[in-house]
Every structure is written in structure tokens, then in C-alpha cells.
Amino acid sequence: PKDEADLSLLLRIGALCNNARLEKTEDGWRILGDPTEGALIVAAAKMGMMEDDIEKSYPRVSEVPFSSERKLMTTVHLTPNEEKHAYVKGAPEIVLDRCTRFLQGGRAKRLSEVEKEKILKANMEMAREALRVLGMAYKELPKGLNNPTEESLERDLVFVGLVGMIDPPREEAIEAARLCEKAGIKAVMITGDHEMTATAIAKEI
């Protein structure tokens, strides 16, 4: 995977645009923080990209926190070449709407409507498999830009790819749903996941 520039960037964005921590203990590894963010750090670590190492190579300069309204998170990092890059992750449709190019074979190409449809179709297919899907993008910031606004950081992005992770229903959720049904109680799911993901998980339960 280290020889695949696009994949390496995807994993790096996931690991750096992130506030969870991967920690080794006497009993093994554990995640501190959000499980979804933790999964991204673990994915990068499994590819040999350890969190501490890449944070030293790409130190964080600033952050625009995630919010349920924006459905995005952005961090700005210094690169080993002393450039500044913005790394963005969030709901695929939201991220894609802010992109004008996409990464293919290490090159940023114009994002046409045809390519957008391909990406959205892939997102839907992953969601139907009960995967929680995140979109990843980045932007090279102009030199001399010291105090970029949230708006300037999150527009004209380069779309890098999608990451899907499984968040299986807990056994107690399945039992609770069974007991509700038996008691004549109508259960309602409230979730921030994509509708297709939520539907697939509901069917599993």
C-alpha cells in the first residue's frame, strides 16, 4: 500500500484529520476517543502508518471541528516540504459538493458530473452493505495564507476517496428490539448515518 500514492494520502487524511488516539497497553491496543475516528487510525496503522510518526512529519497547524450541521471536519498541516495542506473528512455528499477535482494516479483531474455520479454510486453501494462511509479530500493552500477562513479551506477541494467501516449492531440492541416487538412497542432508529446504512443495519436487527 505504501507504493500506492492515492491510498497513502487517503489513509493519511483519515489518521490526521482526527482527534482519537491509538494507545498500546499491557493488554494490547486500545482507542481513546470516537470509535469511528479510531477505526481510521487503526486502518492507517495496519498499513504501517503509525499515528505518532505521521503527526511528526505533518504537524497540525489549525482545525475546523466537526459539527452535525456541517458534517465536515478540517485540519491544516505543515508538510515535509514546508507547504500547508488542508485535510477534510465528512459525509461523502457534503465533501463531494466542495470538490472541483479528484485524485487519480497521483494527479488531480477535473471532477465532471460523470465522475461525481460514479463516486455517489459507490457511496450508495457501500451504504447498502451497512457500511458507515466517509469522504476524504485535501487542498494545497497558497503560500502566505496565514489565517484562512473556514469557507476558503473547504472549497475547491481535491476528492481523494471513500472509506467504509462496519459498525455492527450490538447483541443487546437485537434483544431490545425483539422485546419491544413482543410487547407491541414500535421502535424508531435515530442516527446520523446515511439512510441506506441505517436501513441495512435495521434489517440486520
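So, here is what we can say about the structure in this document.

For the rest of this paragraph, the subject is the pairing of strand β2 (residues 28-32). Across 5 bridges, the pairing between strand β1 (residues 21-25) and β2 is antiparallel. The residue bridging Thr25 from the neighbouring strand is Gly28, located in β2. Counting the residues in the hairpin turn of β1 and β2 gives 2 residues.

Here the focus is the nonpolar core. Within the largest apolar cluster, 22 residues are counted, with the highest numbers of intra-cluster contacts made by Leu9, Ile13, Tyr87, Met136, Tyr138 and Val160. For this core, the secondary-structure elements that each account for two or more residues are α1 (5-16), α2 (35-46), β8 (131-140) and β9 (157-166). Sorting elements by how many residues they give to this core places α1 first, with 6 residues. Apart from residues lying up to four places away in sequence, Val160 is in contact with Asp6, Leu9, Leu10, Ile13, Leu103, Met136, Ala137 and Tyr138.

Moving on, we get to the packing of helix α5 (residues 113-128) against helix α8 (residues 195-204). Packing of α5 against α8 brings their axes to within 7 Å, and their N-to-C directions diverge by 20°. In terms of orientation, α5 lies roughly parallel with respect to α8. Taken as a pair, α5 and α8 cross one another with a handedness that is right-handed. Touching Met124, Ala127 and Arg128 of α5 are Met196, Thr197 and Ala200, all from α8. Considered class by class, the residues forming the contact of α5 with α8 number 4 nonpolar, 1 polar and 1 charged.

Phi is positive for Ala130, close to 70°, though the residue is something other than glycine. Tracing the sequence through the fold places Ala130 in the loop between α5 and β8. Residue Ala130 is classed as buried on the basis of its relative accessible area, which comes to 3%. Even without a glycine there, the phi angle at Asp156 is positive, about 55°. With respect to the helices, strands and loops of the structure, Asp156 is situated in the loop between α6 (150-153) and β9. Look at Asp156 and you get partly exposed, because its relative accessible area is 40%.

Criteria and thresholds
Residue positions are given per chain, counting from 1 as you read along its sequence in written order. With the structure being a predicted model, the display of local features is reserved for residues of pLDDT at least 70 and the display and counting of side-chain atom pairs for 80 or more, all residues being used for whole-chain, interface and lining totals. Neither water nor hydrogens contribute to the side-chain values; these are computed over all heavy atoms in the structure. At least two bridges found by DSSP between two strands are what make those strands a pair. By the criteria applied, helices consist of DSSP H or I runs no shorter than four residues and strands consist of E runs no shorter than two, each listed in order from the N terminus. Here, nonpolar core means buried Ala, Val, Leu, Ile, Met, Phe, Trp, Tyr and Cys residues that are tied together by side-chain atoms lying within 4.5 Å of each other. Buried, partly exposed and exposed residues are distinguished by accessible area as a fraction of the type maximum, computed with a 1.4 Å probe on protein chains only: under 20%, between the cut-offs, and over 50%, respectively. Any two residues having at least one pair of non-hydrogen atoms within 4.5 Å are treated as being in contact. Simply put, an axis is a line fit to the C-alpha atoms, just over the touching stretch for a helix, and the angle between two N-to-C directions goes from 0 to 180 degrees. Any angle between 65 and 115 degrees counts as roughly perpendicular, while under 35 counts as roughly parallel, over 145 as roughly antiparallel, and the rest as oblique. Each helix crossing is assigned a hand: it is left-handed if the near helix lies turned anticlockwise from the far helix by less than a right angle, otherwise right-handed if that turn is clockwise. Gly falls in the polar group here, along with every residue not listed as nonpolar (Ala, Val, Leu, Ile, Met, Phe, Trp, Tyr, Cys, Pro) or charged (Asp, Glu, Lys, Arg).

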